[in-house]
Amino acid sequence: MIPRVLTIAGSDSGGGAGIQADLKTFCALGAYGASAITALTAQNTLGVQAVQAVDPAFVRAQCDSVLSDIGADAVKCGMLANAGIVRTIARVLDDYASRHVVLDTVMIAKGGHPLLDADAVAALRDELLPRASLITPNLPEAAALLGEAVAADEEAMLRQGERLLALGARAVLMKGGHLALSAESADWLVSAEGALRFAAPRVATRHGHGTGCSLSAALAALRPQRDSWQETVADAKRWLSGALAAADRLDVGRGTGPVHHLYRWW
């Protein structure tokens, strides 16, 4: 069976992140993608120029339309913009049980533009995190959720993952891309079963727009096709490494370009 995956996230007019990156990722990894858009962004490879959040009631209507008919074997939550949308999605997840819910705790764009209102961080932590099968924070996002300093090494990163797990998430993938540059990029998967380290060689490219969106989308697409989060994370990171390695083949914009989601075909 081809898995059905719903992404609930913001739209990227430049096509490199958000809903557009998620749907490309689903396609690349053998999943049927549907979407509910939470915000419109005017952005390109140079940054985010404007953001317009969607009314929470209309976000709910999109989710109802998809889930009442098509259904979803997995749900990926990305940019949620504000507390009203966060609470709406919490109710959606209660009303439509999905076995696999990946929460990408999107707060700030790569260029520094805020993508989540400050008052929504608590709602994300208190209402969505406990409903997630897996959360995928980068180090600044993990620090914001915990009210702590950004982890400076892998030991601190692992401890923060354990504290996020204690807040109610069933599993946490701590992404180590923000650690000081080294020969590899290490992530930690933390769950009740323990902690596992996943490392991949760092790819020498400046084109990494949409990396976080694409990884969380890959996790959602692959989990219904795999037996465990361990296997899912390993395969998702392997695919993303290939997408990063092929990013320079694209000629998209004058700034930080996207990863090449469909590198296996063209």
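Given the structure is predicted, the values throughout are model-derived calculations rather than measurements.

Peer 1: Please clarify how the nonpolar core should be interpreted in this entry.
Peer 2: Soluble globular proteins tend to pack their nonpolar side chains together in the buried interior. Counting 53 residues, the largest nonpolar core has Leu6, Ile8, Ile89, Leu124, Leu128 and Leu164 as its most contacted members. In terms of residues, this core owes the most to one element, helix H3 (residues 83-95), which gives seven residues. Each residue touching isoleucine 89, except ones within four places of it in the same chain, is listed here: Ile8, Val59, Cys63, Cys77, Leu80 and Leu128. If you look at the next biggest cluster of nonpolar residues, it comprises 30 residues, including Val5, Leu29, Ala31 and Leu244.

Peer 1: How do you make sense of the pairing of strand E8 (residues 184-191) when you look at a structure like this?
Peer 2: Each regular strand displays side chains that alternate between the two surfaces of the sheet. When you tally the buried positions in E8, you get six out of eight residues, the bulk of the element. Note: strand E7 (residues 171-175) against E8, five bridges, orientation antiparallel. Following the sheet pairing, leucine 173 is matched in E8 by leucine 189. As defined by bridge partners, E8 adjoins strand E9 (residues 194-201) across eight bridges and the pair is classed as antiparallel. For aspartate 187, the partnering residue across the bridge sits in E9 and is phenylalanine 198. In this structure, the hairpin formed by E8 and E9 is closed by a connection of two residues.

Peer 1: Looking at this structure, I do not really get the state of the cysteines. What am I missing?
Peer 2: Covalent bonding between the sulfur atoms of two cysteines is what defines a disulfide. On inspection of all chains with the given rule, the structure shows zero disulfides. You can see cysteine 27 has no disulfide; the closest cysteine sulfur is in cysteine 213, sitting 17 Å from it. Overall, cysteine 27 belongs to the exposed group, its relative accessible area being 53%. Its sulfur unpaired, cysteine 213 is 13 Å from the next cysteine sulfur, which belongs to cysteine 77.

Peer 1: When you look at empty space enclosed by the protein in this model, what are you seeing that I'm missing?
Peer 2: Empty space among the atoms becomes apparent when a probe as large as a water molecule is rolled across them. For the coordinates displayed, the defined rule picks out one cavity of 30 Å³ or more. Approximately 30 Å³ is the volume found for the largest cavity. Along the walls of the largest cavity sit Asp12, Gly14, Gly16, Asn44, Thr45, His209, Val252 and Pro258, which together make up its complete lining. Counted by class, the lining of the largest cavity contains two nonpolar, five polar and one charged residues.

Peer 1: In this structure, what is going on with the packing of helix H7 (residues 211-222) against helix H8 (residues 229-245)? I would like to understand it.
Peer 2: When two helices pack together, their arrangement is given by the angle between the helix axes and by the axis-to-axis distance. Following both chains from N to C, one finds H7 and H8 inclined at 140°, their axes separated by 9 Å at the closest point. In terms of orientation, H7 and H8 fall into the oblique class. Crossing of H7 against H8: the hand is right-handed. Every residue of H8 that contacts H7 at Thr211, Ser214, Leu215, Ala218, Leu219 and Leu222 is listed here: Trp229, Thr232, Val233, Asp235, Ala236, Lys237, Trp239, Leu240 and Leu244. Partitioning the contact of H7 with H8 into residue classes produces 10 nonpolar, three polar and two charged.

Peer 1: Which parts of the structure should I look at to understand the pattern of salt bridges?
Peer 2: Side-chain pairs of opposite charge can arise where the charged atoms are in close proximity. Evaluated as defined, the whole model comprises 16 salt bridges. The shortest N-O distance in the salt bridge between arginine 87 and glutamate 127 comes to 3.0 Å. Of this pair, arginine 87 sits in helix H3 while glutamate 127 sits in helix H4 (residues 120-128), and the two are 40 residues apart along the sequence. Residue glutamate 148 is joined to arginine 163 by a salt bridge in which the shortest nitrogen-to-oxygen separation is 2.9 Å. Residue glutamate 148 is found in the loop between helix H5 (139-146) and helix H6 (154-166), and its partner arginine 163 is found in helix H6; the two are separated by 15 residues along the sequence.

The rules we used
Residues numbered from 1 in each chain as written. Predicted model: local features only at pLDDT ≥ 70, side-chain atom pairs only at ≥ 80, totals over all residues. Heavy atoms only, no water. Core = buried A, V, L, I, M, F, W, Y, C linked by side-chain atoms within 4.5 Å. Buried < 20%, exposed > 50% of the residue type's maximum accessible area, 1.4 Å probe, protein only. Helix = DSSP H or I, 4+ residues; strand = E, 2+ residues; numbered from the N terminus. Contact = heavy atoms within 4.5 Å. Pairing = 2+ DSSP bridges. Disulfide = S-S within 2.5 Å. 1 Å grid on protein atoms, 1.4 Å probe; cavity = no way out; pocket = protein on both sides within 12 Å on 5 of 7 lines; lining within 4 Å. Points joined across faces, edges and corners; volume = space filled by probe spheres on them. Nonpolar A, V, L, I, M, F, W, Y, C, P; charged D, E, K, R; others polar. Axes fitted to C-alpha atoms, helices over the stretch in contact; angles between N-to-C directions. Parallel < 35°, antiparallel > 145°, perpendicular 65-115°, else oblique. Left-handed = near helix turned anticlockwise from the far one by under 90°. Salt bridge = Lys/Arg side-chain N within 4 Å of Asp/Glu carboxyl O.

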